[in-house]
Amino acid sequence: MEASALAVSPCDAIAERIYEFLDGELSAEEDAEVRRHLTACASCARAATRDGAFLRVLEQRVAIDRAPPALRERLIALLAAARATAGAPGEGDEGGAGGAGSGVGGGPRRTPDWPTDPS
Ligand SMILES: [Zn+2]
């Protein structure tokens, strides 16, 4: 019994590295390996495309702030799920208290519940 480390399916292995791949953090060797799998595996390729779009959204949080509230909430939820899946060491975690605070109607603008960097 020594194959436990290899018992992971290729797709799982790719999924584990997909964010690093999309971030360009993999070594050339690993990068090539992931690319090769993506060309051969439609479902992983689809996931990579989707996650790539996510990353772009992450990089442009401003876009989220300008998105309609409903869409924004969905994006934030999806991003949180993606982050949980990726098991990324959290940057600030905004404990789940979704403040449905004093909503005085009228203003299209609300204080963003997205964590903003002070710097
Ligand atoms: Zn796959």
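Throughout this description, residue numbers start from 1 for each chain and increase along the sequence as written. In keeping with the model being predicted, local features are shown solely for residues with a pLDDT of at least 70 and side-chain atom pairs are shown and tallied solely at 80 or more, while totals for entire chains, interfaces and linings include all residues.

### Some details on the overall build of the chain
So, point 1. Here a strand is any run of E in DSSP of at least two residues, a helix any run of H or I of at least four, and the numbering for each starts at the N terminus. Helices and strands together make up the secondary structure of the chain, namely five helices and zero strands.
So, point 2. For the chain, contacts bridging at least 24 residues in sequence account for 49% of all contacts bridging at least 6. Contact between two residues is assigned when their C-beta atoms, built from the backbone, lie within 7 Å.

### Side note on the environment of Ala 15
So, point 1. Inspection of the secondary structure assignment puts Ala 15 in helix α1 (residues 10-23).
So, point 2. What makes Ala 15 partly exposed here is the crowd of 18 C-beta atoms within 10 Å.
So, point 3. Each C-alpha atom, one on Ala 15 and one on Val 34, is 9.4 Å from the other, the two residues being 19 residues apart in sequence. Three exposure classes are used, all based on how many other C-beta atoms lie within 10 Å of a residue's own C-beta (placed from the backbone): buried at 20 or more, exposed at 12 or fewer, and partly exposed between those limits.

### A closer look at the nonpolar core
So, point 1. In plain words, the nonpolar core is the set of buried Ala, Val, Leu, Ile, Met, Phe, Trp, Tyr and Cys residues that C-beta atoms within 7 Å link up. If you look at the biggest cluster of nonpolar residues, it comprises seven residues: Ile 14, Ile 18, Tyr 19, Phe 21, Val 34, Cys 44 and Ala 48.
So, point 2. Counting residues per element, the ones that place at least two in this core are α1 and α3 (42-59).
So, point 3. In terms of residue count, α1 provides more of this core than any other element does, four residues in total.

### Remarks on the environment of Glu 16
So, point 1. Note on placement: Glu 16 falls in helix α1.
So, point 2. Sequence separation between Glu 16 and Thr 85 is 69 residues, and the spatial gap between their C-alpha atoms is 9.0 Å.

### Here's the deal with the packing of α1 against helix α2 (residues 28-40)
So, point 1. Orientation is described by axes fitted as lines to C-alpha atoms, over the contacting stretch for helices, and by angles from 0 to 180 degrees between their N-to-C directions. Direction vectors running N to C along α1 and α2 enclose 120°, while the axes themselves pass 10 Å from each other. As far as their axial angle goes, α2 and α1 are oblique. Judged by the sense of rotation from one axis to the other, the crossing of α1 with α2 is left-handed. Contact residues: Pro 10, Ile 14, Arg 17 and Phe 21 in α1; Glu 30, Asp 31, Val 34 and His 37 in α2.
So, point 2. Side-chain classes follow a simple rule in which Ala, Val, Leu, Ile, Met, Phe, Trp, Tyr, Cys and Pro form the nonpolar group, Asp, Glu, Lys and Arg form the charged group, and the remainder, Gly included, forms the polar group. By residue class, the composition of the contact of α1 with α2 is four nonpolar, one polar and three charged. By the definition adopted for this analysis, an angle is roughly parallel if under 35 degrees, roughly antiparallel if over 145, roughly perpendicular if from 65 to 115, and oblique otherwise. Each helix crossing is assigned a hand: it is left-handed if the near helix lies turned anticlockwise from the far helix by less than a right angle, otherwise right-handed if that turn is clockwise.

### A word on the confidence of the model for the chain
So, point 1. A residue's pLDDT is the predictor's confidence in that residue, given on a scale from 0 to 100. Per-residue confidence for the chain gives a mean pLDDT of 74, with 60% of residues at or over 70.
So, point 2. The least confident element of the chain is helix α4 (residues 61-66), whose mean pLDDT is 62; the most confident is α2, at 93.

### Considerations on α1
Quick reminder: α-helices carry 3.6 residues per turn. Residues three or four places apart thus point the same way.
So, point 1. Taking 1.5 Å of rise per residue, the 14 residues of α1 would be expected to cover 20 Å, and the 20 Å separating its terminal C-alpha atoms lies within 8% of that figure.
So, point 2. Helix geometry: α1 is bent most strongly at Arg 17, by close to 50°.
So, point 3. Every buried residue belonging to α1 is among Ile 14, Ile 18, Tyr 19 and Phe 21, and all of these are buried.
So, point 4. The positive-phi residue at the C-terminal boundary of α1 is Gly 24, with phi of around 70°. Any helix carries an expected span of 1.5 Å times its number of residues minus one. Two axes are fitted around each residue, one to the seven residues ending there and one to the seven starting there, and the angle between them is reported as the bend at that residue.

### Considerations on the environment of Ala 13
So, point 1. Locating Ala 13 in the fold gives a position in helix α1.
So, point 2. For the pair Ala 13 and Val 34, spaced 21 residues apart in the sequence, the C-alpha separation amounts to 9.1 Å.

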